[in-house]
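What follows is the residue order along each chain.
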Amino acid sequence: MARCSPPLLRRFFRCAAKSASPAAGGGNSKKNLVFLGSPQVAASVLDTLLAASGSPDSAFQVAAVVTQPPAAKNRGRKLMPSAVAQLALDRGFPGDLIFTPERAGEESFLSDLNEVNPDVCITAAYGNILPQRFLDIPTCGTVNIHPSLLPLYRGAAPVQRALQDGVAETGVSIAYTVRALDAGPVIASEKFCVDECIKAPELLDILFNIGSKLLLHELPSILDGSAKEKAQPQDDSKATLAPKLNSEESWLSFDQEAKVLHNKVGWPGTRAKLQLINKNGEPDVLEMKVISTKVSTSCDKAGEENEILFSGSSLLIPCSDSTWLEVLELQLPGKKVTTARDFWNGLRGQKLLKST
């Protein structure tokens, strides 16, 4: 990977695009597509595009990949490429055509992008704001895969916010990128029914998989310009926002209804603080990640106020309006995910209370 590509490689794509154009007499033109994305869900989209571009009758070639710079990961804090960069390298994509700018408005990056001569840019969870100078470069525009039914859930966390709201249906949209946040005309969308037990990572995978296939179906019209004619403007009056999650939101507060808390458990890293009362009656704060839950409106056990009980295979935590959150799986700090039964057995008679 490199911030700047050798002139020879950059000129290759510019010259290839010109020589393959109808004006140059080429019978089979291949358009230059630049892909922008960073996490694993975006890597799956790139994999689909690379596979499709390898077909002899493909209308496009992946001319460059743009992703977040390498970041320090794991305990060793070693710099590691993004999932998209790693996928591209694993598939034999030229490292000199994998761009990793800190910001998409950097002069050197925009110069490199111009040299690649993109016909279209495709974004999927890229994670950087695209300035107008970027959007002016691809002749067929920039198109985003967004995991919601726009104009609903515009922003960085559409799947997590949809789960938080307990929606029965969400989906994925293919939309043109404009300067306003996720507000461009929608080329196509597809709905998906939400199971109440599904979690955000799983739903993200599903929606980006659907989005990849939907994008491939729409790419011919995007590349010939007809998609701009059929794309539907969004109704801004119906727009809702999906801001990025913050760490404080990950804590469960048991003065809410169990259904509200269950919906939040779909997020990665949902946490709770409980009180562990040892055999001497002394309290300790116990923090845990809550992995999977159910909702109950009744409890077959009797306990003290704020006491957490166990029944069947679940911890039963009393919540507001006489509802109960059933915790099925949890994770203690530094430990592996465990079942509620194994956790309860490990308490050896110690009492568990809600934190107040």
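No experiment lies behind these values; they were computed from the predicted model shown.

Asker: Sorry if this is basic, but what is going on with the packing of helix 2 (residues 40-53) against helix 3 (residues 83-90) here?
Answerer: Any two packed helices are characterised by how steeply their axes cross, that is the angle between the axes, and by the distance between the axes. One way to put it is that helix 2 packs onto helix 3 with a least axis distance of 8 Å and a crossing angle of 30°. Between helix 2 and helix 3, the interaxial angle falls into the category roughly parallel. Considering only the axes of helix 2 and helix 3, their crossing is right-handed. Residue-level inspection shows Gln40, Ala42, Ala43, Leu46, Asp47 and Leu50 of helix 2 in contact with helix 3, the latter providing Ala83, Val84, Leu87 and Ala88.

Asker: In this structure, what is going on with the packing of aromatic side chains? I would like to understand it.
Answerer: Any pair of aromatic rings gets described here by the distance separating the centres and the angle formed by the planes. For the structure shown, the criterion picks out three aromatic pairs. Between Phe99 and Phe109 the ring centres are 6.1 Å apart and the planes differ by 70°, which places this aromatic pair in the edge-to-face class. Of this pair, Phe99 sits in strand 5 (residues 98-99) while Phe109 is found in helix 4 (residues 107-116), placing the two residues 10 residues apart along the sequence. A centroid spacing of 5.5 Å and a plane angle of 15° characterise the contact between Phe310 and Trp344, whose relative ring orientation is stacked. Here Phe310, found in strand 12 (residues 309-311), pairs with Trp344, found in helix 10 (residues 340-347); they are 34 residues apart in sequence, far enough to count as distant. These aromatic residues form a ring-pair network of at least three members: Phe99, Phe109 and Phe134.

Asker: Can you help me understand unusual backbone geometry in this one?
Answerer: Note on backbone geometry: most residues besides glycine have negative phi, and most peptide bonds are trans. Of the consecutive residues Leu150 and Pro151, the connecting peptide bond is found in the cis state with omega at 15°. You can see Pro151 is positioned in the loop between strand 7 (142-146) and helix 6 (158-164). Phi angles above zero are rare outside glycine, and Arg348 is one such case at about 50°. Structurally, Arg348 is set in the loop between helix 10 and strand 16 (351-354).

Asker: Where do I start with the confidence of the model for the protein chain in this structure?
Answerer: Should the pLDDT be low somewhere, the predicted coordinates at that spot are not to be read in detail. Mean pLDDT over the protein chain works out to 90, with 91% of the residues at or above the 70 mark. Predicted confidence is poor over residues 4-27, with pLDDT under 50, and the contacts of this stretch with residues over four places away or in other chains come to 34 contacts.

Asker: Whenever I open this one, the pairing of strand 2 (residues 60-66) confuses me. Can you help?
Answerer: Strand residues, when the strand is regular, have side chains that alternate between the two faces of the sheet. Counting buried positions along strand 2 yields seven of seven residues, so the element is predominantly enclosed. Summarising the sheet, strand 1 (residues 31-37) and strand 2 pair through six bridges and their orientation is parallel. From the neighbouring strand, Val34 faces strand 2, where its bridge partner is Ala64. A crossover connection joins strand 1 to the parallel strand 2 through helix 2; in handedness this β-α-β unit is right-handed. Judged from the two bridges that link them, strand 2 and strand 5 form a sheet pairing that is parallel. Directly across from Val66, in strand 5, lies its bridge partner Phe99.

Asker: Explain the pattern of salt bridges here, please?
Answerer: Pairing is possible between side chains of opposite charge, provided their charged atoms come close. Here the structure, examined in full by the defined rule, presents six salt bridges. The partner of Arg133 in a salt bridge is Glu107, with the nearest N and O atoms 2.7 Å apart. One end of the pair, Arg133, is in helix 5 (residues 132-135); the other, Glu107, is in helix 4, with 26 residues separating them in the sequence. With a relative accessible area of 44%, Arg133 lands in the partly exposed category. Assessed through its relative accessible area of 52%, Glu107 is described here as exposed. Its salt-bridge partner being Lys351, residue Glu304 comes within 2.9 Å of it at the nearest N-O pair.

About the criteria used
Residues numbered from 1 in each chain as written. Predicted model: local features only at pLDDT ≥ 70, side-chain atom pairs only at ≥ 80, totals over all residues. Heavy atoms only, no water. Axes fitted to C-alpha atoms, helices over the stretch in contact; angles between N-to-C directions. Helix = DSSP H or I, 4+ residues; strand = E, 2+ residues; numbered from the N terminus. Parallel < 35°, antiparallel > 145°, perpendicular 65-115°, else oblique. Left-handed = near helix turned anticlockwise from the far one by under 90°. Contact = heavy atoms within 4.5 Å. Phe/Tyr/Trp six-rings, centres within 6.5 Å; stacked < 30°, edge-to-face > 60°. pLDDT = per-residue confidence, 0-100. Buried < 20%, exposed > 50% of the residue type's maximum accessible area, 1.4 Å probe, protein only. Pairing = 2+ DSSP bridges. Right-handed = clockwise from strand over helix to strand, strands pointing away. Salt bridge = Lys/Arg side-chain N within 4 Å of Asp/Glu carboxyl O.

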